[in-house]
Amino acid sequence: DEYPSLSTFTQTLAPVLSTHPQYEYWFEPGHALVGNAVALLGSIVATKTTRGKSWAIADIGFDQIMKISLLGWQHPVKGPNGKRLVSSSTASKGNHHPAAAIGGPLCFAGDTVLDHTNISGLQKGDPLLIQHTGAYCGSCANTFNGRRSGGTVVLRRDGTLQRVTPRAALEAEPLMEFYDWGIMSQEQTSQQENAANTTARLFETCDLSSPVLTSTQESFQYLSAHQLNPREFQYRIAVQTPVPFLSLPFQNRLVADAAIVSILKSLGYTKKEFPIWGPNFKSFLHDKIVTSKPVDLHILVSQVSRDALGTSRCLLRFSLNQGAAGGSASACFQEITSTPLPQSRL
């Protein structure tokens, strides 16, 4: 079937939508437009034969492409030679290629990437490319059995590659955020014993405190600020610290201030007239960021929503030095202004 291109789609709708310029329109384009824009890259991690069937085990499976198991959706799979691997119920016929399949890394029978295929040319370490994973795959991906995403890389029109999201770290496992690390402790003490030891323990740890984190010698200054589009901002910041690297607490201070600036600028303000607070703030440091040279900070601000009580909310994503550090946050505020909130921001 022939589907309209994105340019045809927008050119057809633009004349109609332009009659209501006070609104901002958002579309869910559908599988046909975005499904083949994303592919999932993995590799073979093992081969085995069990119950008379040969298997090539990949490092991706149900955790990243749930549709195969739940809906029987057959994604095209390419082997290391770039050719598509054929799936057929007749693949087991003949004397050279017995019944075989490509399976995922999880521990249940439904984790099958491609059944009834020829795996005779696959070896451990060979790459696999699963195509047409641009719709509903990323949103349905999960961390079952401790599996984590490898991140996202974008192939630009000029052929260059750019990593836009990092490989998920161990702390990306949702249960890690809520697990009680002390529940399995061998030292079970009563509340009374804990209370009695509080003062003693406090004095024992005072000398271990970091002088950097307790000092007031950290400061920063904006060298440049650019609004790339209504919701995207780029900053270059000079940092002064008593150590030659950016600490995580100071990073959070720096990002928080730039986030406030970005929110206000995106709303059209030229002066801070009301408080902005952040109920959620998550940040990470992948690589050390030296403070001997300016730090680059990139911030994206979402649409603003407002509840019935007049509290406005938005989301933010940020990265420092091209992904060396980053994170996300949410922000809340109540605009002290008589100007009504534009319809496009609701």
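Every value quoted in this text rests on a predicted model; they were computed, and no experiment measured them.

Caption draft 1: The arrangement of the overall build of the protein chain in detail. The helix and strand tally for the protein chain stands at six helices and 15 strands. Classification of the 346 residues of the protein chain by burial places 28% in the buried group. Partitioning the intrachain contacts of the protein chain with sequence separation of at least 6 by distance along the chain shows that 64% fall at a separation of at least 24. Element-wise, carbon and sulfur atoms account for 55% of the exposed surface of the protein chain, whose accessible area totals about 22600 Å².

Caption draft 2: Inspection of the pattern of salt bridges at higher detail. Applying the stated criterion to the full structure yields five salt bridges. Residue Glu-24 is joined to Arg-231 by a salt bridge in which the shortest nitrogen-to-oxygen separation is 3.5 Å. Remark: Arg-231 occurs in the loop between strand E9 (219-229) and strand E10 (232-240) and Glu-24 occurs in the loop between helix H1 (6-17) and helix H2 (31-34); sequence separation between them is 207 residues. Looking at Glu-24, the relative accessible area reads 34%, which means it is partly exposed. The partner of Arg-236 in a salt bridge is Asp-296, with the nearest N and O atoms 2.7 Å apart. Pair noted here: Arg-236 is in strand E10 and Asp-296 is in strand E12 (residues 295-301), with a separation of 60 residues, a long-range link. A relative accessible area of 38% places Arg-236 in the partly exposed class. For Asp-296, a relative accessible area of 15% corresponds to the buried category.

Caption draft 3: Here's a closer look at the side chain of Thr-117. With respect to the helices and strands, Thr-117 occurs in the loop between strand E5 (112-115) and strand E6 (127-130). Here Val-86 takes part through its backbone oxygen, which lies 2.6 Å from a polar atom of the side chain of Thr-117.

Caption draft 4: Highlighting the packing of aromatic side chains. Taken as a whole and assessed by the stated rule, the structure comprises nine aromatic pairs. Arranged with centres 6.1 Å apart and planes meeting at 55 degrees, the rings of Phe-220 and Phe-250 form a pair that is tilted. Of this pair, Phe-220 sits in strand E9 while Phe-250 sits in helix H6 (residues 248-266); the two residues are 30 residues apart in sequence, bridging distant segments of the chain. Judged by relative accessible area, Phe-250 falls into the buried class, the value being 1%. Three or more aromatic residues joined by ring pairs make a cluster, and in this case those are Phe-220, Tyr-222, Phe-233, Tyr-235 and Phe-250.

Caption draft 5: A nonpolar patch on the surface, seen in detail. Nonpolar side chains collect at one region of the surface, where Tyr-23, Tyr-25 and Phe-27 lie side by side and expose about 310 Å² of accessible area between them. Following the sequence through the fold, Phe-27 ends up in the loop between H1 and H2.

Caption draft 6: Main features of the pairing of strand E8 (residues 161-165). Here strand E7 (residues 152-155) runs beside E8; their pairing, made up of four bridges, is antiparallel. Note that in E8 the partner of Leu-155 across the bridge is Leu-161. As consecutive antiparallel partners, E7 and E8 are separated by five residues, and within that stretch Gly-159 has a phi angle of approximately 90 degrees, a positive value.

Caption draft 7: Region of interest: the environment of Asp-158. Following the sequence through the fold, Asp-158 ends up in the loop between E7 and E8. Taking relative accessible area as the criterion, Asp-158 reaches 59% and is therefore assigned exposed. Of note is the side chain of Asp-158, whose polar atom sits 2.6 Å from the side chain of Thr-160.

Caption draft 8: Seen up close, the nonpolar core. Ranked by internal contacts, the top residues of the largest apolar core, which has 32 residues, are Ile-263, Leu-297, Leu-316 and Leu-320. Elements with a minimum of two residues in this core: E10, H6, E12, strand E14 (312-320) and strand E15 (325-333). Top contributing element to this core by residue count: H6, with eight residues. The contacts of Leu-297, once residues within four sequence positions are left out, are Phe-233, Gln-234, Tyr-235, Ile-237, Leu-254, Val-255, Ala-258, Phe-318, Ser-319 and Leu-320. Ala-56, Val-77, Leu-85 and Val-113 belong to the second largest nonpolar core, which has 18 residues in total.

Basis of the calculations
Residues numbered from 1 in each chain as written. Predicted model: local features only at pLDDT ≥ 70, side-chain atom pairs only at ≥ 80, totals over all residues. Heavy atoms only, no water. Helix = DSSP H or I, 4+ residues; strand = E, 2+ residues; numbered from the N terminus. Buried < 20%, exposed > 50% of the residue type's maximum accessible area, 1.4 Å probe, protein only. Contact = heavy atoms within 4.5 Å. Areas by Shrake-Rupley, 256 points an atom, 1.4 Å probe, with all protein chains shown as cover. Salt bridge = Lys/Arg side-chain N within 4 Å of Asp/Glu carboxyl O. Polar contact = N/O pair within 3.5 Å; in protein donor to acceptor, adjacent residues only side chain to side chain. Phe/Tyr/Trp six-rings, centres within 6.5 Å; stacked < 30°, edge-to-face > 60°. Patch = residues over 30% accessible without salt bridge, like charges linked within 9 Å, V, L, I, M, F, W, Y side chains within 5 Å. Pairing = 2+ DSSP bridges. Core = buried A, V, L, I, M, F, W, Y, C linked by side-chain atoms within 4.5 Å.

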